Structures are given as C-alpha cells and as structure tokens.
Amino acid sequence: DAGDHEEVVKLLLRRADSEADGAQAIALRHRAAETAATKLGDKERAISLYAAIFEQDRSDAYAQERLRALYDETEKFETMSTSPPCRARTRACSSS
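Residues numbered from 1 in each chain as written. Predicted model: local features only at pLDDT ≥ 70, side-chain atom pairs only at ≥ 80, totals over all residues. Heavy atoms only, no water.

S.K.: Even after reading the chapter, I still don't get the overall build of the protein, so can you show me in this structure?
M.R.: What the protein contains, in helices and strands, is seven helices and zero strands. Its helices and strands in sequence order give the protein the pattern α-α-α-α-α-α-α, from N to C terminus. Of the contacts formed within the protein by residues at least 6 apart in sequence, a portion of 50% connects residues at least 24 apart. As displayed, the protein offers around 5500 Å² of accessible surface, 48% of which is attributable to carbon and sulfur atoms. (Helix = DSSP H or I, 4+ residues; strand = E, 2+ residues; numbered from the N terminus. Contact = heavy atoms within 4.5 Å. Areas by Shrake-Rupley, 256 points an atom, 1.4 Å probe, with all protein chains shown as cover.)

In structure tokens:
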C-alpha cells in the first residue's frame, strides 16, 4: 500500500536526521530515496533525495548514478547540467 511506503520513507528520513553516524544517515537516505522511486513511483522525490545525498557527499557514486538514471527516466536531460549534483561535475554529467 502506498500509504505504508510513504510512512516508511518518512520514518527513514527521520532516523537519518537523528543519526549521529554520517555514513549510516546517508545509508538511510539512500533507502528512503529508493523506496520513493520504486515503491511509490515518486521519481521527483527520489531525485530530490539523491541530490541532497550528493550535496552532502560528493564522492557518492551511487547517488550520482541513480540521479542520472532517474533523469533519463523522467526525461530531465536539460535540468541535469544545472542541477546541484552536476554543477561541480558538468563534464561527467553531460557526457552520459
């Protein structure tokens, strides 16, 4: 049920916000983003969550990979080069 998955996303994000361990907080945000994308079908929200993860940890290759895939799926090719994760890596983002 979508309501259950929505609640899972909210709980994961709350846990991430209260998590002292940065790596664990990012892992929880990844789970929330993946749940939003796959269980809720809310790709816009997943993009927002992955962008926030990438802003927090620019070395997070998985977040960047998921952003690219979600941009492709939502046909946001134009946005990709100006989105926060791509500003610092315009060449990497525009070469996909």
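S.K.: Honestly, the packing of aromatic side chains in this entry has me stumped. Any pointers?
M.R.: The geometry of two aromatic rings is summed up by the distance between their centres and the angle between their planes. Counted according to the given criterion, the structure contains one aromatic pair. Ring plane angle 75° and centroid distance 6.4 Å describe the contact between Tyr50 and Tyr62, whose orientation is recorded as edge-to-face. Of this pair, Tyr50 sits in helix α3 (residues 43-56) while Tyr62 sits in helix α4 (residues 61-73), and the two are twelve residues apart along the sequence. You can call Tyr50 buried: its relative accessible area is 0%. (Phe/Tyr/Trp six-rings, centres within 6.5 Å; stacked < 30°, edge-to-face > 60°. Buried < 20%, exposed > 50% of the residue type's maximum accessible area, 1.4 Å probe, protein only.)

S.K.: Sorry, what's going on with the confidence of the model for the protein here?
M.R.: Detailed conclusions should not be drawn from predicted coordinates in areas where pLDDT is low. Per-residue confidence for the protein averages 84 on the pLDDT scale, and 78% of its residues sit at or above 70. Within the protein, helix α7 (residues 90-94) has the poorest average pLDDT of any element, 41, and helix α2 (residues 22-38) the best, 96. Throughout residues 85-96 the model reports pLDDT below 50, and contacts reaching past four residues in sequence, or to other chains, amount to 23 contacts. (pLDDT = per-residue confidence, 0-100.)

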